[in-house]
Structures are given as C-alpha cells and as structure tokens.
Amino acid sequence: MQGGSGSVQGVLFSNIQVSEVEFPIMIDQYYCDHSSCKNHTSAVAVSNIAYENIRGTYTVKPVHVSCSDSKPCRDVRLTDIELKPVSKGYHMYEPFCWQAFGELYAPTIPEIDCIQQGAPSSSLDPDEAGCVA
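To keep things clear, this report deals only with the structure shown in the data block.

Scoring rules and cut-offs
Residues numbered from 1 in each chain as written. Predicted model: local features only at pLDDT ≥ 70, side-chain atom pairs only at ≥ 80, totals over all residues. Heavy atoms only, no water. Buried < 20%, exposed > 50% of the residue type's maximum accessible area, 1.4 Å probe, protein only. Helix = DSSP H or I, 4+ residues; strand = E, 2+ residues; numbered from the N terminus. Pairing = 2+ DSSP bridges. Phe/Tyr/Trp six-rings, centres within 6.5 Å; stacked < 30°, edge-to-face > 60°. Lys NZ or Arg CZ within 6 Å of the ring centre and 35° of its normal. Contact = heavy atoms within 4.5 Å. Axes fitted to C-alpha atoms, helices over the stretch in contact; angles between N-to-C directions.

### Some points on the pairing of strand 4 (residues 63-66)
Here strand 4 shows a buried face lined by Val 63 and Val 65 and a second buried face lined by His 64 and Ser 66. The sheet contact formed by strand 4 and strand 6 (residues 96-98) spans three bridges and is parallel. Across the sheet, the residue bridging to His 64 is Phe 96, located in strand 6.

### Some thoughts on the packing of aromatic side chains
In this description, a pair of aromatic rings is defined by centroid distance and the angle of the planes. Under the definition given, this model contains one aromatic pair. Aromatic side chains Phe 13 and Tyr 51 sit 4.8 Å apart centroid to centroid with 10 degrees between the ring planes, which places their arrangement in the stacked category. Taken together, the positions of Phe 13 in strand 1 (residues 7-21) and Tyr 51 in strand 3 (residues 45-58) put the pair 38 residues apart, joining distant regions of the chain. You can call Phe 13 partly exposed: its relative accessible area is 33%. Note on Tyr 51: relative accessible area 4%, which makes it buried. Over the face of the ring belonging to Tyr 93 we find Lys 61, whose NZ or CZ atom lies 5.8 Å from the ring centre.

### Some points on the environment of Val 86
Mapped onto the elements, Val 86 comes out in the loop between strand 5 (73-85) and strand 6. Here Val 86 falls in the buried class, since its relative accessible area comes to 8%. As for Val 86 and Tyr 58, which are separated by 28 residues in sequence, their C-alpha atoms are 5.9 Å apart. Those residues in contact with Val 86, other than ones at most four positions away along the chain, are Glu 20, Thr 57, Tyr 58, Thr 59 and Met 92.

### Here we look at the sheet that holds strand 2 (residues 25-28)
Read across the open sheet, the three strands follow the order 2-4-6; overall the sheet is parallel. Looking at which strands have only one partner, the edges of the open sheet turn out to be strand 2 and strand 6. Strand-to-strand twist in this sheet, taken as the mean axis angle between neighbours without regard to direction, amounts to 15 degrees.

### Here we look at the environment of Ser 66
Mapped onto the elements, Ser 66 comes out in strand 4. For Ser 66 and Asp 28, which are 38 residues apart along the polypeptide, the C-alpha to C-alpha distance reads 4.7 Å.

### Side note on the sheet that holds strand 7 (residues 100-105)
The strand order 1-3-5-7-8 describes an open sheet built from five strands, whose pairing is parallel. On the outer flanks of this sheet lie strand 1 and strand 8 (116-117), each paired with one strand and no other. Direction of pairing for strand 1 relative to strand 3: parallel, over a ladder of eleven bridges. Directly across from Phe 13, in strand 3, lies its bridge partner Tyr 51.

Rendered as structure tokens:
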C-alpha cells in the first residue's frame with residue numbers, strides 16, 4: 001500500500017542468483033496491491049540500499065526503482081549486476097528509475113543508466129531560506 005512514514009535504511013542484497021524473475025531489482029514507493037490505489041504523497045524514506053553480485057535472468061524488467069517525489073531514494077548502490085533477458089516471447093523493458101539517487105560500481109549488464117549520481121537537491125521553501133517571495 002502506498003504512503004506511510006518511517007524509514008528503511010542499511011539493507012544489503014548480495015550474492016543472489018535469480019531465474020526467470022519479473023523484476024529482480026525493485027524498490028517501489030508507489031506499489032499498489034489493489035486494482036487501483038489513490039496516489040499518496042507521503043512515503044517511507046529509503047536510503048543506503050545496496051545490491052551486490054546479482055545474477056540471472058528476467059522476464060519483464062531487470063531494474064525498477066520508483067521513488068517518491070517527496071522522499072527520493074538516497075544512496076542506492078548497484079555493484080556487479082549481470083541480468084540477462086529470457087527471450088521466450090516476453091515483452092522486455094529497459095531499466096526504470098524515478099527519483100533514485102546513488103552510485104553504480106563496475107559495469108552492469110544490462111547498462112543501468114537511470115540511477116542519478118549523488119544526492120537529490122533539496123527543495124527549500126523560500127520563507128524557510130530567508131527569501132522574500
């Protein structure tokens with residue numbers, strides 16, 4: 001279910017072999033477990049999440065990292081990723097990231113170029129920054 005509060009931090013997924021998995025690497029702050037969900041702006045803060053040595057095959061999309069506009073994912077690290085498509089009539093998608101910030105280490109298969117380098121810029125309220133609107 002979407003929305004919520006709190007945080008998830010310091011999670012390591014390592015040395016994982018997958019076979020014919022729809023989404024081997026996934027973070028989804030917009031997850032909906034019903035046929036339709038109201039879009040919530042609140043989200044659980046996600047940071048310091050690492051995927052290391054993930055190998056195998058996928059059937060839909062190798063990476064899906066969909067983070068909230070209000071709470072972007074920070075410090076998402078992908079290291080030594082090798083995910084190949086299963087080519088048995090499945091419709092394949094490119095890696096997808098939204099509001100995901102972090103680092104890529106070593107070449108990844110497939111190329112995962114949607115993680116934004118560094119940290120998100122903070123959106124400051126002009127009144128809080130001492131500016132006159």
